[in-house]
Amino acid sequence: MKPKTQRHAEATGDSSARERILKTAEQIFAEMGFEGTSLRQVAVNSDVPVALVSYHFKNKLGLYREVFRARDPNTNAQRLAGLALAEMEDNRERRLEMIIKAALMPMLSLRKIEGSANFGVLLAREATDPRSAERGIIKEMFDPPPPLQRSRRSRAHCPAAARPKSSGPSR
């Protein structure tokens, strides 16, 4: 039987248990894929009750999403910032180069993070899984709408924004 303090920490949702669950889940999802992984398997390998996994992540898809979010929460912000800079570039060739860098560099920078080999395998699995679209991970986490498309959409819905500005005062 586990000591009372360890049981209490697990029952109250100790953050180290949550981190252990995420680390274990990443490894198992990378090895077995989404369909081949169970919450029970993650719980047993994390040395926590299944109820604690459910408490933190609700279900398997919630856990799976959080594995992606936890790996680098700034990936989308970095990508969007790069795309915003690219949108301001007047030189078309330079703009294209900036768009490509904005799309790829945040993901490539994940290689520098220690222990990211499992995440690389997991990301490759998710990107090539025929059922990936049903989960929406790639779309949600890695394909945000670029700022250029958002600004075009907002101009289309706001006629005043779509009108060209006049060069001088109107009379």
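Just above, that's the structure.
Everything quoted here is computed from the prediction, not taken from an experiment.

Draft legend 1. Geometry of helix α4 (residues 50-57). Here α4 has its buried residues at Leu 52, Val 53, His 56 and Phe 57. The arc that holds the buried residues of α4, viewed along the axis, is 110 degrees, so those residues lie on one side. Facing away from the buried side of α4 by more than 90 degrees, the exposed set consists of Ala 51 and Tyr 55. Taken from the residues just after α4, Lys 58 is the one with a positive phi, measuring 70 degrees.

Draft legend 2. Expanded view of the environment of Ile 99. Looking at the element boundaries, Ile 99 is found in helix α7 (residues 92-109). A residue is classified by how much of its surface remains accessible, and Ile 99, at 36% relative accessible area, is partly exposed. Along the backbone, Ile 99 and Leu 85 are 14 residues apart, and their C-alpha atoms lie at a distance of 8.7 Å. With residues near it in sequence (within four places) discarded, Ile 99 still touches Leu 83 and Ala 86.

Draft legend 3. Structural detail: the side chain of Ser 46. Structurally, the position occupied by Ser 46 is in helix α3 (residues 39-46). Exposure remark for Ser 46: the relative accessible area of 1% places this residue in the buried category.

Draft legend 4. Inspection of the pattern of salt bridges at higher detail. A complete count under the given rule lists 10 salt bridges for this structure. Close ionic contact of Glu 66 with Arg 18 constitutes a salt bridge, the shortest N to O distance being 3.8 Å. Here the residue Glu 66 occupies a position in helix α5 (residues 60-71), and Arg 18 occupies one in helix α2 (residues 15-32), the gap between them amounting to 48 residues. Notably, a salt bridge pairs Glu 97 with Lys 101, separated by 3.3 Å at the nearest N-O pair. With a gap of four residues between them, Glu 97 and Lys 101 both fall in helix α7, about one helical turn apart. Taken together, the shared-partner salt bridges in this structure form one network comprising Glu 35, Glu 126, Asp 129, Arg 131, Glu 134 and Arg 135.

Calculation criteria
- Residues numbered from 1 in each chain as written.
- Predicted model: local features only at pLDDT ≥ 70, side-chain atom pairs only at ≥ 80, totals over all residues.
- Heavy atoms only, no water.
- Buried < 20%, exposed > 50% of the residue type's maximum accessible area, 1.4 Å probe, protein only.
- Helix = DSSP H or I, 4+ residues; strand = E, 2+ residues; numbered from the N terminus.
- Arc of directions from axis to C-beta.
- Contact = heavy atoms within 4.5 Å.
- Salt bridge = Lys/Arg side-chain N within 4 Å of Asp/Glu carboxyl O.

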